[in-house]
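Examining the three-dimensional arrangement
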Amino acid sequence: MDKLVIQGVASLKGEVTISGSKNAALPIMAATLLTSEDCVIRNVPMLRDTKTMVALLKSLGKKVEFSKNKLTVTQPAALKHIADYKLVSTMRGSFCVLGPLLAKLQKAKVSLPGGCVIGIRPVDLHIKGLTALNAMMNFDNGYVIAKTKGLKGAHIYLGGVFGSSVLATANVMMAATLARGTTVIESAACEPEVEDLANMLIDMGAKITGHGSPKITIVGVKKLSGVNYKVIPDRIEAGTYVLAAAATRSNITIKGANYTHLMSLMDKLEEAGIKVINEKGIIHVKARKVIKPVSVATHPYPGFPTDLQAQFLAVMALAGGISVITDRVYPDRFIHIAELNRMGANIRREGTNAIAQGVKKLYGAPVMASDLRASAALVIAGLAAEGTTEVHRIYHLERGYEKLEEKLVALGANVWKEKA
Ligand code: EPZ
């Protein structure tokens with residue numbers, strides 16, 4: 001397996017262009033199952049996860065061409081209803097084929113995704129929402145077996161212990177587009193990725209209002225058509241580069257991102273003394289020598305994203321004081337603390353809080369993480385650290401960051417891949 005070698009301290013400069021959003025693209029790709037007509041999806045990041053979704057769509061009977069960030073999905077033969085363990089277990093995003101398959105075929109057998117290093121990650125809200133739409137849901141041998149005599153619209157409360165659920169909202173919304181009657185989802189996820197999916201479904205002929213708010217209304221239609229759709233930019237990738245600049249006290253320019261999707265991060269950066277200017281969609285980051293300590297808690301959108309918690313902690317590891325970082329979405333998502341401490345950080349965990357006592361310097365070390373965003377935090381720390389950092393298992397980074405090494409090198413970082 002490859003490792004990423006980083007020679008710090010990096011001084012980043014220049015521009016970086018943000019790719020299409022992974023977490024918007026995955027449910028959008030699943031939504032192509034709702035029609036037998038041709039779909040073209042643009043701005044799809046070429047990543048391990050999107051390639052896994054391509055493999056899953058192919059296994060379900062779609063023909064997919066994927067090149068230069070453009071996906072063309074056609075359906076040469078009948079759809080199949082079984083989503084296999086091998087594909088679903090490697091990526092939780094693939095569970096969102098359940099809603100579309102059920103809506104289109106009245107049956108689906110989809111492997112349960114299981115937990116992962118960031119937490120237990122149940123699917124009870126997906127099951128609750130689809131059951132309310134008149135589906136019978138059973139579990140057998142690690143699979144969800146769903147059947148319906150016809151989906152019917154319903155008034156559904158989809159909030160869970162940790163707030164709304166992104167993929168449960170996506171699954172139920174997709175299924176409801178072809179249900180008989182009206183569905184109202186209360187406590188729906190407001191994430192831009194859910195809004196993007198709704199916009200794509202609307203372009204396919206779905207009747208959806210309220211997307212982007214906690215109350216989404218879907219009036220079922222008989223049929224959805226093909227579509228030509230462009231995926232939104234990846235706000236988490238953009239946030240990761242902003243935080244890399246903050247940690248290395250660099251000035252960089254970020255192109256192609258949506259600033260309004262990053263308001264919660266920008267607010268915290270201002271508190272930390274880092275200047276971020278939004279100039280007609282181009283973001284300029286002007287970092288300062290002294291990073292002020294800032295406490296933050298993650299929440300569903302528009303709150304601070306859990307997917308930037310690890311990267312923010314890497315910056316706070318270098319702040320001039322104590323900060324408390326709390327994860328209210330995934331309370332166990334702190335695998336990166338031990339690795340950051342191996343690089344000289346002084347962070348301790350107390351329950352759902354990471355308490356960082358900022359240090360003056362981080363030092364390069366061999367490190368490893370078993371989750372995508374934790375790995376991104378280690379890259380940020382490696383850029384800011386003195387000496388050589390080796391980030392092992394870059395498989396995780398390849399799941400979510402398109403051309404990471406290339407983009408960092410273009411920003412002036414001394415980074416390369418090596419066989420581990
Ligand atoms: C999406 O996962 C993202 N994945 C995650 O990004 C992201 O961390 C997460 O949303 C939160 O923003 C994709 O979009 C592919 P949730 P999802 O359901 O939808 C609990 C990354 O690094 N919950 O919104 O699976 C759950 O345990 C990844 O790119 C239930 O209790 O997350 C969590 O505490 C990692 N029951 C909270 O809700 C359920 O049925 C929010 O999870 C579902 C979720």
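The numbers attached to residues start from 1 for each chain and follow its sequence in the written order. Restriction of local features to residues with pLDDT of at least 70 applies here, the model being predicted, together with a cutoff of 80 or more for giving and counting side-chain atom pairs; totals for whole chains, interfaces and linings are based on all residues. For side-chain calculations, the full set of non-hydrogen atoms in the structure is used, while hydrogens and water are omitted.

Observations concerning the site of the ligand
Neighbouring the ligand are 23 residues; D124, S165, D307, V329 and R373 lie closest to it. For the purposes of these results, a polar contact is taken to be a pair of N or O atoms within 3.5 Å, where, inside protein, one atom must be able to donate a hydrogen and its partner to accept one; residues adjacent in sequence count only when each atom of the pair is a side-chain atom. Between the ligand and N23, the relevant distance is 3.0 Å, taken from an oxygen atom to a side-chain nitrogen or oxygen of the residue. R92 has a polar side-chain atom sitting 2.8 Å from an oxygen atom of the ligand. Reported accessibility uses the Shrake-Rupley method at a 1.4 Å probe radius. Residues are deemed covered only where the shown protein chains occlude them. The protein chains hide 92% of the 830 Å² of surface that the ligand would expose on its own. Secondary structure follows DSSP: runs of H or I at least 4 residues long count as helices, runs of E at least 2 residues long count as strands, and numbering of each begins at the N terminus. When residues of the shell around the ligand are traced back to their parent elements, those giving at least two are helix 1 (22-31), helix 5 (124-132), helix 6 (166-177) and helix 12 (372-384). The dominant element in the shell around the ligand, judged by the number of residues it contributes, is helix 5, at three residues. For this scheme, ten residues count as nonpolar: Ala, Val, Leu, Ile, Met, Phe, Trp, Tyr, Cys and Pro. Four count as charged, namely Asp, Glu, Lys and Arg, and the remainder, Gly too, count as polar. Considered class by class, the residues forming the shell around the ligand number 10 nonpolar, six polar and seven charged. Each domain's extent was defined by an automatic or database domain assignment. Domain assignment of the residues forming the shell around the ligand places at least three in each of domain 1 (2-19 + 233-419) and domain 2 (22-229). Proximity criterion: a residue is near a molecule or strand once any of its heavy atoms comes within 4 Å of it.

What to know about the packing of aromatic side chains
The pairing test for Phe, Tyr and Trp rings, Trp by its six-membered ring, is centres within 6.5 Å, and the orientation test on the planes gives stacked under 30 degrees, edge-to-face over 60, and tilted for anything in between. Summed over all chains, the structure comprises one aromatic pair. Each ring is checked for a lysine NZ or an arginine CZ that lies within 6 Å of its centre and within 35 degrees of its normal; such an atom marks a charge sitting over the ring. Here the basic side chain of K109 rests over the ring of Y143, its NZ or CZ set 5.0 Å away from the ring centre.

Points about helix 9 (residues 263-271)
Helical geometry: 3.6 residues make up each α-helical turn, so side chains three or four residues apart lie on a common side. Three exposure classes are used, based on accessible area relative to the maximum for each residue type with a 1.4 Å probe and protein chains only: buried under 20%, partly exposed in between, and exposed over 50%. Every buried residue of helix 9 is accounted for by S264, L265, M266, K268 and L269. On its buried face, helix 9 sits against helix 8 (235-247), strand 16 (275-279), strand 17 (282-286), strand 18 (296-298) and helix 10 (309-316). Following helix 9 by one or two positions, G273 adopts a phi angle in the positive range, close to 90 degrees. Note on definitions: a residue-residue contact is assigned when non-hydrogen atoms from the two residues lie within 4.5 Å.

Some details on the domain arrangement of the protein chain
Along its sequence, the protein chain is organised into domain 1 (2-19 + 233-419) and domain 2 (22-229). Each of domain 1 and domain 2 has a C-alpha centre, and the two are 30 Å apart. Of the residues lining the interface, 25 residues belong to domain 1; the matching set on domain 2 comes to 22 residues. Reported buried area values correspond to the accessible surface (1.4 Å probe) lost by two parts on association, with both partners' losses combined. The largest per-residue losses of area from domain 1 upon contact with domain 2 belong to Y301, R399 and E402, which jointly make up 29% of the total buried on that side. Criterion for a salt bridge: a side-chain nitrogen of Lys or Arg within 4 Å of a carboxyl oxygen of Asp or Glu. Counting every contact that joins domain 1 to domain 2 gives three salt bridges. Between R235 and E193 there is a salt bridge, with its nearest N and O atoms 2.8 Å apart. Counting across the interface, domain 1 meets domain 2 through eight residue pairs in polar contact (both at pLDDT 80 or more). The greatest single-element share of the side of domain 1 that touches domain 2, amounting to four residues, is contributed by helix 13 (residues 395-400). Classifying every residue of the side of domain 1 that touches domain 2 gives 10 nonpolar, four polar and 11 charged.

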